[in-house]
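Chain by chain, the residues run as shown.
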Amino acid sequence: MNARSQLLRRELRATGRERCGTLLALHSDGADSSELLPLCAALEAEFDVLAPQASRSRNPFLSSAPPDDPRWRAYAGFSWFRRDDAGRPEPASFGDSLWQVQQLVLELLERGDGPVFLLGYREGATLALGAALALPELLDGVVAIDGDAPEIPGWSDRLASAADLPVAAIRADYTDPRGAADAVAKFLDARLGGVSDGRG
Amino acid sequence: MPPERASGVSRRDFLGLAGAAGAALATSACASVTAASGSGEALVFDFETDVVVVGSGAAGAVAALYAHERGAQVLVLEKGPVFGGTTAKSGGVYWIPNHPIERERGLKEPREATLAAMSRASYPLLFNASKPRFGLPQHEYDLIETFYDRGADAVVGLEKMGALVSMPADVLVGPMPDYFEPPNATKIVDRRYWPRKPDGSFGLGDEMVRQLKAGLENRKVPVLMGHRAQRLLRNAKSEIVGVEAQKLGGQAVRIRARRGVVFASGGYTHNADLVLNFQPGPVFGGCAVPTNEGDFVAISESLGAKLGHMQSAWRAQVVLEQALQFSSTPDDVFMPPGDSMILVNRLGVRVVDEKTNYNERTRVHYVWDPVRHEWINLLLFMVYDQRTAELFAGRFPLPPAGTSVPYVLRGNTLAELAKAIDARLEALADRTGGARLAEDFAKTLPKTIARWNQLSARGVDEDFQRGAGVYDRDWHARIWSFANPGTRHALAEKNVTMHPFSGRGPYYAIMLAAGTLDTNGGPVINRHAQVLDAAGQPIPGLYGAGNCIASPTGPYYFAGGGTLGPAVAFGCIAGEGAAGEPPKELA
């Protein structure tokens, strides 16, 4: 297959000469691939942006509905995984999405688009923190906005923390993820100072 | 890469943690039922209750609520980590004939005519309007009649219990037609219902499950999550007296069921062995939750249960590449969107009315070519032009404007498109039995499109009758292919589902394969929802409902909600029946 991941995505290419890597942006539950583009655009550093969209429509009936149709707005959006009563990710759907993230990261590295930084918001932050646990050597940094690390008995408790991978957990209950722009920029700028060869 | 921290994500490991794909566990689950206390094995129980319900989807939750309503003490076992089974992922629509809302609206449900239409839809080969039971055998007719007679009561009863508030599903865009069209029908009667949210708006499957779950919580009905039923326990009289379950990552738990056990544990979509042995051909994916591995088939077989409709499923097309990458297919192709769009097989020819309902349309994948010795429609290629890509962008599986998705293949000409399709097929060959385009596909496809352009210019599909029926037109124009605003393209006038292809590229293709919402075969029940043995006698104390049993409406999908409607009706009957059983002795 000429693409590892079959996720739908939006891609923005850095326009300047100072390209410093790719931001893989993971949206929140109920949003879509466009959600984090304004935040990414607000960063001064020049990143390519790859914003995939979770495959699971929250509305299996009308996944096609234009989100601006008021009748259907309440049912729009996509989610990365299901949750149990305690709010923990359901393993199978979480594993599927984590595998997709891995494939996207590998795709980026294979075509020379590293270093790769993960940026996740809410549910996307939980997925990003899961990737930090599972794939630390493929990543150069992870920014998690308003999301918890995944707790999956039998999996997350068996993994060591990603001690050598810089992770920023930003918590402010942002209603608009752009509110986190300064904190995200600060973390990424610090990381870029330390990135030389694309491998952290 | 540090050797101790080998990077990688094993989806199979996650499946195991979800309670599915447990190969070792599956083997033990196939063991025959335990010897009863009369045969020497001491029956020691961890819990005791009147009725055990296995599964927490619509059928199971409704059974538990009705068993409780009948005064029984109830316990629910759920194999997965999330309450609600496949219902929670679904559209949450239930098809129910003769609901009081119909009568309030002044519609008189013609009982005989509706029963005739249901009988004809379910068993077209047996149907004969002039014969008793419309020509159906007693058993098959009983189940359809019972669904008709009891379905509305089941839904109304839930409303009275405060466990599920319903509203007509036609609130969205008006009445929508059923998936079968009775002859001489003059008016659309929409028998689909939806859960009503507290704010008055409609809810989907997750809302249905939220309400049913709250109903169980209000009644303090315990639910054991992560518990997989693996065998039934019998006494010396061969009556069911309990269930042995395996707690995920833990030990076996035994629950005594004084009165009865209801299975509502879903179909077998995610059991590769059962799919291989029973389905009529390849199944590439399914929307059922990954824990739907057909556990009840092996458990009931060991009791001598009669199996039925094992070849059947609620069918739906899926995007091939998506199905190959997900443990539970995220979305199905309800209706391929577009008017300048056709489905062709590997020969480059059309094979079906692209707009007919998903259950029927998917059956066309199971056409065997005896000369070529192959499933000639194994994969169907949804071919469309730039017009459809723009006009209907965002209707799954078409990507919205500004996005891209690798499963969309593109060519500036039809010849280029054929090359792109074949290259993708080559890359996937080890997972599709080596499927490739026929040598003359690139020559045939332009002829097929030329023929299509002639037909659509006239607005009449002489080949497959696309758009001739009200289902095609209404579901196309009102749900799946209404035009995006601000488009430069005009809609077709003569037949809204048909438009000629542009003479200029680019052209696109998406590969579709057969999938399921879930299978719907399993042990056969009677009109009381009792599971029958091979001789047709009820197995004492054992009931079933939902997708784990042989579908009471046969292999046919009446309408939106044709899955959940019977699940609710027979869930109610099963719960009441189990609660009404006499207590069973252990010895």
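Relevant structure appears above.
Here the structure is a predicted model, which is why all the values come from computation and not from measurement.

Caption draft 1: Quick peek at the overall build of chain B. Counting secondary structure elements, chain B contains 16 helices and 21 strands. A compact globule built from 587 residues should have a C-alpha radius of gyration of about 25 Å, and chain B, at 25 Å, falls within 12% of that. Looking at chain B as a whole, 63% of its 587 residues are labelled buried. Relative to all contacts within chain B whose residues are 6 or more apart in sequence, the contacts with residues 24 or more apart total 76%. Surface exposure of chain B reaches about 21300 Å², of which carbon and sulfur atoms provide 53%. Here chain B holds 60 positive side-chain charges and 60 negative ones, and the gap between their average locations is 2 Å.

Caption draft 2: Spotlight on the sheet that holds strand β4 (residues 166-168) of chain B. Residues and elements named next belong to chain B. A sheet is described by the order of its strands in space; here three strands give the open sequence β3-β5-β4, paired in antiparallel fashion. Edge positions in the open sheet fall to β3 (94-95) and β4, since each of these has one partner strand only. Both β4 and strand β5 (residues 192-195) contribute to a ladder of three bridges, which runs antiparallel. Residue pairing for β5: Ser-166 is matched across the bridge by Pro-195.

Caption draft 3: The pattern of salt bridges, seen in detail. All names here are of chain B. Counted by the stated rule, this structure contains 54 salt bridges over all chains. Residue Glu-217 pairs with Lys-213 through a salt bridge whose shortest N-O separation is 3.1 Å. Separated by four residues within a single helix, Glu-217 and Lys-213 lie in helix α7 (residues 205-218), roughly one turn from each other. For Glu-217, a relative accessible area of 48% puts it in the partly exposed group. With relative accessibility at 17%, the residue Lys-213 sits in the buried group. Close ionic contact of Glu-244 with Arg-254 constitutes a salt bridge, the shortest N to O distance being 3.0 Å. Placement of the pair is Glu-244 in strand β8 (residues 240-247) and Arg-254 in strand β9 (residues 252-263), with a sequence separation of 10 residues. Since its relative accessible area comes to 8%, Glu-244 is described here as buried. Arg-254 sits in the buried class, given a relative accessible area of 11%.

Caption draft 4: Looking closely at empty space enclosed by the protein. Taken as a whole, this structure holds nine cavities of 30 Å³ or more when the rule is applied. The computed volume of the second largest cavity comes to approximately 180 Å³. Lining the second largest cavity are 19 residues, with Arg-56, Ser-93 and Asp-96 of chain A together with Phe-326 and Ser-328 of chain B positioned closest to its centre. Looking at the lining of the second largest cavity, the element that brings in the most residues is helix α2 (residues 91-110) of chain A, giving four residues.

Caption draft 5: Spotlight on the interface of chain B and chain A. Across the contact, 58 residues belong to chain B and 53 residues belong to chain A. Both sides together, the interface formed by chain B and chain A hides about 4700 Å², and carbon and sulfur atoms give 60% of it. At the boundary of chain B with chain A, the tally comes to two salt bridges. Residue Asp-96 of chain A pairs with Arg-11 of chain B through a salt bridge whose shortest N-O separation is 3.4 Å. Along the contact surface separating chain B from chain A lie 10 residue pairs in polar contact (both at pLDDT 80 or more). Listed by contribution, the elements that provide at least two residues to the side of chain B that touches chain A are α1 (11-17), α10 (320-325), α13 (414-427) and α15 (470-480) of chain B. When residues of the side of chain B that touches chain A are assigned to their parent elements, the largest contribution, four residues, is made by α1 of chain B.

Caption draft 6: Representation of helix α3 (residues 123-134) of chain A in the model. All names here are of chain A. For α3, built from 12 residues, the straight-helix expectation of 16 Å at 1.5 Å per residue is met to within 8% by its first-to-last C-alpha distance of 17 Å. The buried fraction of α3 is high, at 12 of 12 residues. Among the residues of α3, Glu-123, Gly-124, Ala-125, Thr-126, Leu-127, Ala-128, Leu-129, Gly-130, Ala-131, Ala-132, Leu-133 and Ala-134 are the ones counted as buried.

Caption draft 7: Region of interest: the nonpolar core. The biggest cluster of nonpolar side chains holds 90 residues, and the ones touching the most others in it are Leu-77, Leu-158, Val-261, Phe-263 and Leu-542 of chain B. In terms of nonpolar packing, the next biggest core, distinct from the first, is built from 37 residues, Phe-78, Leu-98, Val-101 and Val-105 of chain A among them.

Definitions and cut-offs
- Residues numbered from 1 in each chain as written.
- Chains lettered and ligands numbered in written order.
- Predicted model: local features only at pLDDT ≥ 70, side-chain atom pairs only at ≥ 80, totals over all residues.
- Heavy atoms only, no water.
- Helix = DSSP H or I, 4+ residues; strand = E, 2+ residues; numbered from the N terminus.
- Rg over C-alpha atoms; globule rule 2.2 N^0.38 Å.
- Buried < 20%, exposed > 50% of the residue type's maximum accessible area, 1.4 Å probe, protein only.
- Contact = heavy atoms within 4.5 Å.
- Areas by Shrake-Rupley, 256 points an atom, 1.4 Å probe, with all protein chains shown as cover.
- Lys, Arg positive; Asp, Glu negative; His and termini not counted.
- Charge placed at Lys NZ, Arg CZ, Asp CG, Glu CD.
- Pairing = 2+ DSSP bridges.
- Salt bridge = Lys/Arg side-chain N within 4 Å of Asp/Glu carboxyl O.
- 1 Å grid on protein atoms, 1.4 Å probe; cavity = no way out; pocket = protein on both sides within 12 Å on 5 of 7 lines; lining within 4 Å.
- Points joined across faces, edges and corners; volume = space filled by probe spheres on them.
- Buried area = accessible area lost by both parts, 1.4 Å probe.
- Polar contact = N/O pair within 3.5 Å; in protein donor to acceptor, adjacent residues only side chain to side chain.
- Expected span 1.5 Å × (residues − 1).
- Core = buried A, V, L, I, M, F, W, Y, C linked by side-chain atoms within 4.5 Å.

Coordinates in, geometry out; function isn't part of it.
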